[in-house]
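Per-entry structural report
Residues per chain are reported as follows:
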Amino acid sequence: MEITIDIEDPMPLFTQLVEQIKSAIANNNIKPGDSLPSIRQLANDLELNSKTVAKAYKLLERDLVIQSKGYRGTFVHPDAIVNSKMDLNAEVLATLNQAISACKTAGVTDSEIRIAFSSAMNSKNN
Amino acid sequence: MSIHILFYALFLSQIILISYYYPKQIIKRIDGVLKNYPPEDYPKLYPESPDKVIAAKARYQLLNQIIFFAGLALMGVYALMSAGYDDNQKFAEGLPLMFGMVQFIPFMLLEISGCRQFKLMRKANKSTSRSAGLAPRKLFDYVSPLSVILAVVLIFAFIFFDLYINDFVFTSDIIIRIIALCLVHGLFIGLTIKQLTGKRLDPHQAVKDRSQQTEFSLQSMVSVSMFLSLFLIANSAVEFYQLSYLEIIINSIYFQVIAFFGIGGMLRTIRLDNINFDVYRADKANV
């Protein structure tokens, strides 16, 4: 199974990597439990910075599409087929839309919503 | 006299195999590429003018011819010089070893030329699209664990044997041999890491071809490691048991075995008709 990225595509390189790996899983080209190349190997093969590949792998791990097992390597997550079809960004957007709708129904203004959101983000970061 | 005849037969075989037969096969291979994959249809394969490839081929051919005839001449000279020698009398000392190293020079120069070609291909590659396989490259995917274990065992077997015949005294010769062995294997380990995780030299090479090349390289290094250890054991034994007249025979056999598994192995394993040359065609957008 090969993946191809285009360095002149407006889509960020790490996003291209994430999408291609998810697509490979969804199309059954790689299966749960299959091992994936190391960050260094994939970065060298694609002539990318290893941080780009590391970022893609981190996002895939967050989405439970892959799992890192230390020195043993990186593997496709057992639930990758289901998880690769989930769009986390769409999920976040849907949740926020729901919350915003609820606030507007309660009569909260746009600027009050923005201030509350910013305050919530700051308290999470602290 | 029988030892001398055996040596001449082996040395002649060494000259023919390494300076005639394998260069002829390589030239045939280069001609095959030039004929079947010409620059008009496969421009990415020729970052420079194909005339440079032809010139390099001619230089390689000439160098091998010079070494071939030099080898025959040397054999003739030694035959004359040692006409009256006994079987157990040392003669042609160092000849197969020194000559063997000279015989490998054209192959090393060809390898350097190949690396330069790949560098030019990488420089000329303007494609924005990059591909990679999603399969990890792990050592034991290409070589059997048993062969690696055997190679390691043979290294320690040689060190143990060398120490054993020297009453476990670390003489300077033993230390030099161990250091040389460590350096060679350090080089092998470095090359292995580069093969498994490094960037590809040929920017257009198909994933399947890279995998095949990696497999051959790694198996070849394991084989060479094993033969090197056996060669060193044989040389130490010959020295210890005062069979020095056998040294030239062992040296000649060693070089031929290395050539058979190295150069010969490459020619047998990586066949032109198995390589994906479509990757060297012009991009459709540029046609």
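Residues numbered from 1 in each chain as written. Chains lettered and ligands numbered in written order. Predicted model: local features only at pLDDT ≥ 70, side-chain atom pairs only at ≥ 80, totals over all residues. Heavy atoms only, no water.

Here the focus is the overall build of chain B. Counting secondary structure elements, chain B contains nine helices and one strand. Principal-axis analysis of the C-alpha atoms places the extent of chain B at approximately 70 × 40 × 25 Å. For chain B, buried positions account for 43% of its 287 residues. Excluding contacts between residues fewer than 6 apart, the proportion of contacts in chain B whose partners are at least 24 apart in sequence is 82%. Of note, chain B has its 27 positive side-chain charges centred 13 Å away from the centre of its 21 negative side-chain charges. (Helix = DSSP H or I, 4+ residues; strand = E, 2+ residues; numbered from the N terminus. Buried < 20%, exposed > 50% of the residue type's maximum accessible area, 1.4 Å probe, protein only. Contact = heavy atoms within 4.5 Å. Lys, Arg positive; Asp, Glu negative; His and termini not counted. Charge placed at Lys NZ, Arg CZ, Asp CG, Glu CD.)

Here the domain parsing of chain A yields domain 1 (13-83) and domain 2 (88-122). Domain 1 of chain A and domain 2 of chain A are separated by 32 Å when their C-alpha centres are compared. (Domains from an automatic or database assignment.)

This next bit is on helix α3 (residues 95-103) of chain B. All names here are of chain B. Three or more residues of α3 are buried, namely Leu 95, Pro 96, Phe 99, Gly 100 and Gln 103. Down the axis of α3, the sector holding all buried residues measures 115°, keeping them to one side. Close packing links the buried residues of α3 with α1 (2-36), α2 (50-81), α4 (105-124) and α9 (247-269). (Arc of directions from axis to C-beta.)

A positive phi angle, near 55°, is found at Glu 47 of chain A, a position not held by glycine. Relative to the helices and strands, Glu 47 of chain A resides in the loop between α2 (39-46) and α3 (50-62). Not every positive phi belongs to a glycine, and Asp 167 of chain B is a case in point at roughly 55°. Tracing the chain through its elements places Asp 167 of chain B in the loop between α6 (145-165) and α7 (172-197). For Asp 167 of chain B, a relative accessible area of 64% puts it in the exposed group.

Take the packing of α6 of chain B against α7 of chain B next. Residues and elements named next belong to chain B. One can describe the packing of α6 onto α7 by two numbers: an axis separation of 11 Å at closest approach and a directional angle of 175°. Compared by their axis directions, α6 and α7 come out roughly antiparallel. Where α6 abuts α7, its residues Ile 155, Phe 158, Ile 159, Asp 162 and Leu 163 lie against Ile 174, Arg 177, Ile 178, Leu 181 and His 185. Residue composition of the contact of α6 with α7, by class: seven nonpolar, one polar and two charged. (Axes fitted to C-alpha atoms, helices over the stretch in contact; angles between N-to-C directions. Parallel < 35°, antiparallel > 145°, perpendicular 65-115°, else oblique. Nonpolar A, V, L, I, M, F, W, Y, C, P; charged D, E, K, R; others polar.)

Once that is clear, we can look at the environment of Ala 116 of chain A. Residue placement: Ala 116 of chain A occurs in helix α6 (residues 110-125). Sequence separation between Ala 116 of chain A and Ala 106 of chain A is 10 residues; the distance between their C-alpha atoms is 14 Å.

Tallied over the entire structure, the rule returns 20 aromatic pairs over all chains. A ring pair is formed by Phe 104 of chain B and Phe 107 of chain B, whose centres lie 6.0 Å apart and whose planes are at 50°; its orientation type is tilted. For the pair Phe 104 of chain B and Phe 107 of chain B, one class covers both residues: buried. Taken together, the ring pairs connect Tyr 60, Phe 104, Phe 107, Phe 231, Tyr 254 and Phe 255 of chain B into an aromatic cluster. Lying over the aromatic face of Phe 14 of chain A, Lys 55 of chain A brings its terminal NZ or CZ to 4.1 Å of the ring centre. The ring of Phe 75 of chain A has Lys 69 of chain A sitting right over it, with the charged end atom 4.9 Å from the ring centre. (Phe/Tyr/Trp six-rings, centres within 6.5 Å; stacked < 30°, edge-to-face > 60°. Lys NZ or Arg CZ within 6 Å of the ring centre and 35° of its normal.)

Residue and element names in this part refer to chain B. At a minimum axis distance of 10 Å, the contact between α1 and α2 shows a crossing angle of 170°. Between α1 and α2, the interaxial angle falls into the category roughly antiparallel. Looking at the contact of α1 with α2 residue by residue, the class counts come to 21 nonpolar, four polar and two charged.

As for its placement among the helices and strands, Ser 252 of chain B is situated in helix α9. Those residues in contact with Ser 252 of chain B that sit more than four places away from it in its chain are Leu 10, Phe 11, Gln 14 and Pro 96 of chain B.

Right, let's talk about the interface of chain A and chain B for a bit. At the interface, 23 residues of chain A touch 19 residues of chain B. In total, chain A and chain B occlude about 2000 Å² of area from one another, counting both sides; carbon and sulfur atoms represent 50% of this. Contact with chain B buries surface across chain A, with Gln 41, Asp 45 and Glu 47 of chain A losing the most and accounting together for 29% of the total. At the junction of chain A and chain B, the tally comes to two salt bridges. Ionic pairing is found between Arg 137 of chain B and Asp 45 of chain A, a salt bridge with its closest N-O pair at 2.9 Å. For the pair chain A and chain B, the number of links is 14 residue pairs in polar contact (both at pLDDT 80 or more). Elements represented by at least two residues in the side of chain A that touches chain B include exactly β1 (2-6), α1 (13-26), β2 (35-36) and α2 of chain A. A total of six residues in the side of chain A that touches chain B trace back to one element, the largest contributor, which is α2 of chain A. Relative to strand β1 (residues 129-133) of chain B, β1 of chain A is paired through five bridges, and the arrangement is antiparallel. Among the inter-strand pairings, Thr 4 of chain A is bridged to a residue of β1 of chain B, identified as Ser 131 of chain B. (Buried area = accessible area lost by both parts, 1.4 Å probe. Salt bridge = Lys/Arg side-chain N within 4 Å of Asp/Glu carboxyl O. Polar contact = N/O pair within 3.5 Å; in protein donor to acceptor, adjacent residues only side chain to side chain. Pairing = 2+ DSSP bridges.)

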